[in-house]
Amino acid sequence: MSAQQQEDLSTVIAELEEKCRELPDNVMAHHHLALVYRKAGRRDDALRKLEECIALDAHSVEAHINLGAFYFEEGNLDKALEANQTALRINPELAQAHNNIGLIWQQKGDAAKAVAACTKATMHDPKMHMAWLNLSSAQVMAGDFSLAAKAAQEAIKLEPDLGVAHNNLAVALYYAEDYQGAKKAMTRALELGYTVDPRFVAAVEQEL
């Protein structure tokens, strides 16, 4: 982060802190400040503000979701899972929470639960490209390669220039033994600037 960006962030933080003092019961003000603290790398302040948001409004799904993201980034998967499950108790149709839970189960190595959660995310928000992307990864874990390819293709329909989606498609097609298709998808991922694992590139080339 440049010195100018740091200065701009400090200005924004000062303004938001003042707003929170003026409106101590305003959940949105505290939530916004928490996000800016997080962006500035002020971990403890961000966590404190998110907890204040929840204390003010236990039904603030945004605060629970961001708290979950906070814990996920730190590798605290159990707390991340708990935060997203709390969000779902408030709103069972919240696609973002289902998607996050899918990612958590992937990290925990439970492919079946990851697929189930990501599938729910796509059902509640079919236009959420990240849900389709994560579903494709989960289905590769589960060994459902044809379904993984279809999920990756859905992500590509929504975001045609998303390199990682083309990479996911390449991986799914490779394991489905469609090596020509895998190379085509891999090449597109590379064209879009995605860094494909060199070992995967070599594995595809070896099959052609």
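Our structure is the block above this text.
This is a predicted model, so every value here is computed, not measured. (Residues numbered from 1 in each chain as written. Predicted model: local features only at pLDDT ≥ 70, side-chain atom pairs only at ≥ 80, totals over all residues. Heavy atoms only, no water.)

**Examining the side chain of Thr122**
Positionally, Thr122 belongs in helix H7 (residues 111-124). There is a polar contact of 2.7 Å between the side chain of Thr122 and the backbone oxygen of Thr119. Residue contacts for Thr122: discarding those within four places in its chain leaves Ala131, Trp132 and Leu135. (Helix = DSSP H or I, 4+ residues; strand = E, 2+ residues; numbered from the N terminus. Polar contact = N/O pair within 3.5 Å; in protein donor to acceptor, adjacent residues only side chain to side chain. Contact = heavy atoms within 4.5 Å.)

**Some details on the packing of aromatic side chains**
Scanning all chains against the criterion turns up five aromatic pairs. Look at Phe145 and Tyr175: their rings are 5.3 Å apart centre to centre, the planes differ by 20°, and that puts the pair in the stacked class. Here Phe145, found in helix H9 (residues 145-158), pairs with Tyr175, found in helix H10 (residues 163-175); they are 30 residues apart in sequence, far enough to count as distant. A residue is classified by how much of its surface remains accessible, and Phe145, at 24% relative accessible area, is partly exposed. (Phe/Tyr/Trp six-rings, centres within 6.5 Å; stacked < 30°, edge-to-face > 60°. Buried < 20%, exposed > 50% of the residue type's maximum accessible area, 1.4 Å probe, protein only.)

**Observations regarding the pattern of salt bridges**
For the coordinates displayed, the defined rule picks out 15 salt bridges. One salt bridge connects Asp45 with Arg42, and the closest N-O pair in it is separated by 2.8 Å. Relative accessible area serves as the criterion here: at 21%, Asp45 is assigned to the partly exposed category. Ionic pairing is found between Lys157 and Glu154, a salt bridge with its closest N-O pair at 3.4 Å. (Salt bridge = Lys/Arg side-chain N within 4 Å of Asp/Glu carboxyl O.)

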